[in-house]
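Okay, here's what each chain looks like letter by letter:
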Amino acid sequence: MMALLPLLLVSLASTGIEIALTRYFAVASWSEYGYWVISIVMAGFALSGVFVALARDWLERHAAWLTAFLPAALIVTAAAGYALVIRNPFNPLQLQNPVTIAPQILFIGLYYVELLPFFFLTGIFISLTFVTRPTQTTRVYAFDLCGAGLGALLTLALMAALHPFRLLPALLVPLAAMALFVPRSAHRALALVAAALCLIGGEAVLIGGDVAAFNQFKPIYAPLHTPGAVVARQTLSPRGVYTLLDDFTERVDTDLSNDSAMINIPSPPRTLGLYRDGSRIAAIPKPGPLDARYAPGTLAAAPYLLLKQPRVLLLGNAGGWAAAQARVLGAGSILADEPDPVLNAMLTPQPGVTIAAASPLALARSAAPGSLDLIELSDGFLAADPANTTAFTSGAIAAYLGVLSPQGMISIPVSIRDFPVYALRMLATVRAGLLHAGVADPAAHVMVYRSAWNVRILVAARPWDAARIKTVAKFCDDRSFDMSFYPGIDVVALRTNIYNDLPAISFSKGEVEDSTTADDSIADEAVAVLAGQPTQSAAEFDLRPQTLDRPMFYDILRLDHLGTILKRLEILPQQELGPLINLAVLGQALLIAVVVLLLPLAASRRIGTQGAPMRRALLYFPALGLGYLFVEIALIGEASLYLDDVTTAFALVLSGMLIFSGLGSMAASHRWLRRAWPAILGLLILSLVLLPRIILATIGWPLPVRLGLLALLLAPLSFVLGMPFPMGLAEAAKKGRGFLPWAWALNGAFSVIATPLANLIATEVGFRFLIGGAAILYGLAWVSFPALVPARAWFGIATPRTRKASPV
């Protein structure tokens, strides 16, 4: 067991470094570019397997020397790679400009050059451990997985104490500790000295010469560099780096009427600005009373004219300003939900306001029917946290409707600064939620009004009548807001009195549609969207409603129109780049997979696969590589809904699956695996059918109980998922000398494919399709596993027939 501790440490450190690099991109750049890190990691592992398969004899002869000095080489490549990454001049904004795209593609290539050596050497160490212990593949794989799981937990803990820019230097220590377990030989003393010197040098380079910082395009950059700007507080958390900024530019971020001065409404007061990972998430009040007298001039004020002292549920407290606005507007009782614990801790107590820190869906499902008059989603709530997208799904809207009083309503904000079609997407989701709640005519329950930059969608428990429509119309007229939809709207007549021109823009043509008068492109299509009919925008964008299984709000690009998208890169908002980056990574991953797949044909003698048809191996290992990550990404998505926190969900699912799979690998044997196959398929099918129901039934339980239940649900599935791969490697070890590392490379190559492919599938069709796809993949692996046929047949070697002996 002691001999495998270096493997545990290298797996721990490499997983931690992978997470640290994704955090670097999230803080310094944009989180979408963290997909590159995952791609580089798995590419390094796949290519290392190819190398070991080709050079196995040489590597085995020098295994003792390599084991002794790889720790020092890993420290050098990790430190040097990170030092180069933070100096890479990549600018994602220039990636969207046809004139400046070429050098940016070069800088992306540099990321691979800078980081690939570390993960390649990590893969060499892991592959070499398998090669030198061909009869212990289950134990080796167990240490590999458990080390990776512990690395995820350790990095999560470090995030509470270290800035993301300091995570990687801390993770050099486990790499140096590998040298402590070098076998006693002539190499040991030199290995310890080399690791110690490289660690000291690496830490000096990374800490002493650190230049990591926010890039100029991050929202925090400009206010941080205004004259007199002060960082009032910085909080480190696994959820992100929270920076509280004090400068003269910070104010309440609300959409105030252009006529506010004419109707004696003051401007929003100065505030502090709260940023997470460089993106602004809330305005925090300065010390003293909250002055929300501006509230009657905001888009959010209209429902308070229709409801007398309403019982209000605020989803997102906007730093305390949402509750202050509700008090000014005449709310009777206020329950303000702020799920972010760091933001919640900064809230100033207000009289008559009850603070909650729960999932919006959990609050809605636990409230009594008819107990609320207004459910208001606050401005900025959608952008404040990735988990908040769940609150804007059709399932959530149906849950809100179930607890409204007969005169109650839901108030939903949508920003149209980037694309007006986001409002149409939200309308499609509202329609789906109303239908789910049993409403026969959704359009009768919806009203839409807007400013130049934002839209408010009011969803009423009972159909809108003429009197209430007239009240909202007057509210809009007084404040120069525009009505974009109400039951019975005359869109043609509407054009004669538009305050904020919103012309239709053709994405495919890249031009504004001709019009001789002011226009409202939302009004032009709202009637058709609420009727479930096709529209021009639906032909250019994906306007399908968001659901609990597919909650991604910013995924309106239609990938079947990729040519048009690439022509319009310069106008795409940052949040729409994720699927495009996934596509780019997927294309690169397919190239790597082709290289690994063709290896047996090009070097069959060297790796020992000559004459073997490879059909079973080519099915078995790719199916496992794809299937495991499909399950992992699907469960992270489901856990994000359950825990209302993407970071905790990621950490728990990743570490839990790796550790439990490692334990499963430790227990793996032919006898166990014959039982594991039906258990895998059975548990996947049960997860597909029962997991959503369990989540919704228990989503209101206390967080520690939910964490325990989630771990309990993960354990049996992860345990049996840990068995097939090491058992397959054990069979591969019986063949040619290079077959085992090639099988490792094959699994790694398809793991590279799995990550972007799974994210695209989840975005397009939902997490449940991933689990269904994983069940199919594991079924294919089952039928191709050599235990079902004589092991020799797996490699295409004929098995001689035998006859029973006749009784004498």
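Definitions and limits used
- Residues numbered from 1 in each chain as written.
- Predicted model: local features only at pLDDT ≥ 70, side-chain atom pairs only at ≥ 80, totals over all residues.
- Heavy atoms only, no water.
- Buried < 20%, exposed > 50% of the residue type's maximum accessible area, 1.4 Å probe, protein only.
- Helix = DSSP H or I, 4+ residues; strand = E, 2+ residues; numbered from the N terminus.
- Contact = heavy atoms within 4.5 Å.
- Axes fitted to C-alpha atoms, helices over the stretch in contact; angles between N-to-C directions.
- Parallel < 35°, antiparallel > 145°, perpendicular 65-115°, else oblique.
- Left-handed = near helix turned anticlockwise from the far one by under 90°.
- Nonpolar A, V, L, I, M, F, W, Y, C, P; charged D, E, K, R; others polar.
- Phe/Tyr/Trp six-rings, centres within 6.5 Å; stacked < 30°, edge-to-face > 60°.
- Pairing = 2+ DSSP bridges.
- pLDDT = per-residue confidence, 0-100.
- Expected span 1.5 Å × (residues − 1).
- Polar contact = N/O pair within 3.5 Å; in protein donor to acceptor, adjacent residues only side chain to side chain.
- Right-handed = clockwise from strand over helix to strand, strands pointing away.

1. Concerning unusual backbone geometry
Alright, step 1. Unusually for a residue other than glycine, Asn264 sits at a positive phi of about 60 degrees.
Alright, step 2. On the accessibility criterion, Asn264 (70% relative accessible area) is exposed.
Alright, step 3. You will see that Asp644, though not glycine, has its phi angle at about 55 degrees, which is positive.
Alright, step 4. Structurally, Asp644 can be placed in the loop between helix H26 (615–643) and helix H27 (646–667).
Alright, step 5. Judged by its relative accessible area of 7%, Asp644 falls in the buried class.

2. Looking at the environment of Ala148
Alright, step 1. Note that Ala148 resides in helix H7 (residues 137–159).
Alright, step 2. In this structure the C-alpha to C-alpha distance between Ala148 and Arg456, which are 308 residues apart in sequence, comes to 46 Å.
Alright, step 3. Dropping the residues within four chain positions of it, Ala148 is found in contact with Ser11, Leu12, Thr15 and Leu658.

3. Some points on the packing of H7 against H27
Alright, step 1. Running from N to C, H7 and H27 cross one another at 160 degrees; their axes reach a closest spacing of 7 Å. Classified by the angle between their axes, H7 and H27 sit roughly antiparallel to one another. The handedness of the crossing between H7 and H27 comes out as left-handed.
Alright, step 2. Here the contact of H7 with H27 is built from residues that sort into 16 nonpolar, eight polar and one charged.

4. Quick look at the packing of aromatic side chains
Alright, step 1. Enumeration over the complete set of coordinates arrives at 29 aromatic pairs.
Alright, step 2. Taking 5.8 Å as the distance between ring centres and 45 degrees as the angle between the ring planes, the aromatic pair formed by Trp65 and Phe69 counts as tilted. Placement of both Trp65 and Phe69 in helix H4 (residues 63–85) is noted, with a separation of four residues, approximately one turn of the helix.
Alright, step 3. Given a relative accessible area of 43%, Trp65 falls into the partly exposed group.

5. Let's talk about the sheet that holds strand S4 (residues 279–284)
Alright, step 1. One open sheet holds the four strands; their spatial order is S1-S2-S3-S4, and the pairing between them is antiparallel. What marks the edges here is a single partner per strand, and that holds for strand S1 (230–237) and S4. Pairwise comparison of adjacent strand axes, ignoring direction, gives a mean angle of 20 degrees for this sheet.
Alright, step 2. With seven bridges joining them, S1 and strand S2 (residues 240–246) adopt antiparallel strand pairing. Bridge pairing links Thr235 to Tyr242 in S2.

6. Digging into the confidence of the model for the protein
Alright, step 1. Considering every residue of the protein, the mean pLDDT works out to 89; 94% of them sit at 70 or more.
Alright, step 2. Model confidence for the protein, summarised as mean pLDDT per element, is weakest for helix H33 (residues 791–794) at 46 and strongest for strand S8 (residues 372–377) at 98.

7. Observations regarding the side chain of Glu540
Alright, step 1. Here Glu540 is to be found in helix H22 (residues 536–540).
Alright, step 2. In this structure Glu540 comes out as buried when scored by relative accessible area, which is 9%.
Alright, step 3. With near-sequence residues (within four places) excluded, Glu540 lies in contact with Ile505, Ser506, Phe507, Ser508, Arg558 and His561.

8. A closer look at H27
Residues lying three or four places apart along an α-helix face the same way, a consequence of the helix completing one turn every 3.6 residues.
Alright, step 1. Over its 22 residues, H27 extends 31 Å from the first C-alpha to the last, a length consistent with the 32 Å expected when each residue adds 1.5 Å.
Alright, step 2. Buried residues of H27: Ala649, Ala651, Val653, Leu654, Ser655, Gly656, Met657, Leu658, Ser661, Gly662, Gly664 and Ser665, and no others.
Alright, step 3. Between the side-chain oxygen of the N-cap and the backbone nitrogen of Thr647 there are 3.1 Å, and the N-cap of H27 in question is Asp645.

9. What to know about the pairing of strand S5 (residues 311–315)
Alright, step 1. Of all five residues that make up S5, four are buried, and the element is covered over most of its length.
Alright, step 2. Sheet topology places S5 next to strand S6 (residues 333–337); five bridges connect them, and they run parallel. The residue of S6 that forms the bridge with Arg311 is Ser333.
Alright, step 3. Note on the crossover from S5 through helix H13 (residues 321–328) to S6: the handedness is right-handed.
Alright, step 4. In the sheet, S5 pairs with S8 via four bridges, with the strands oriented parallel. Paired with Leu313 across the strands is Ile375, a residue of S8.

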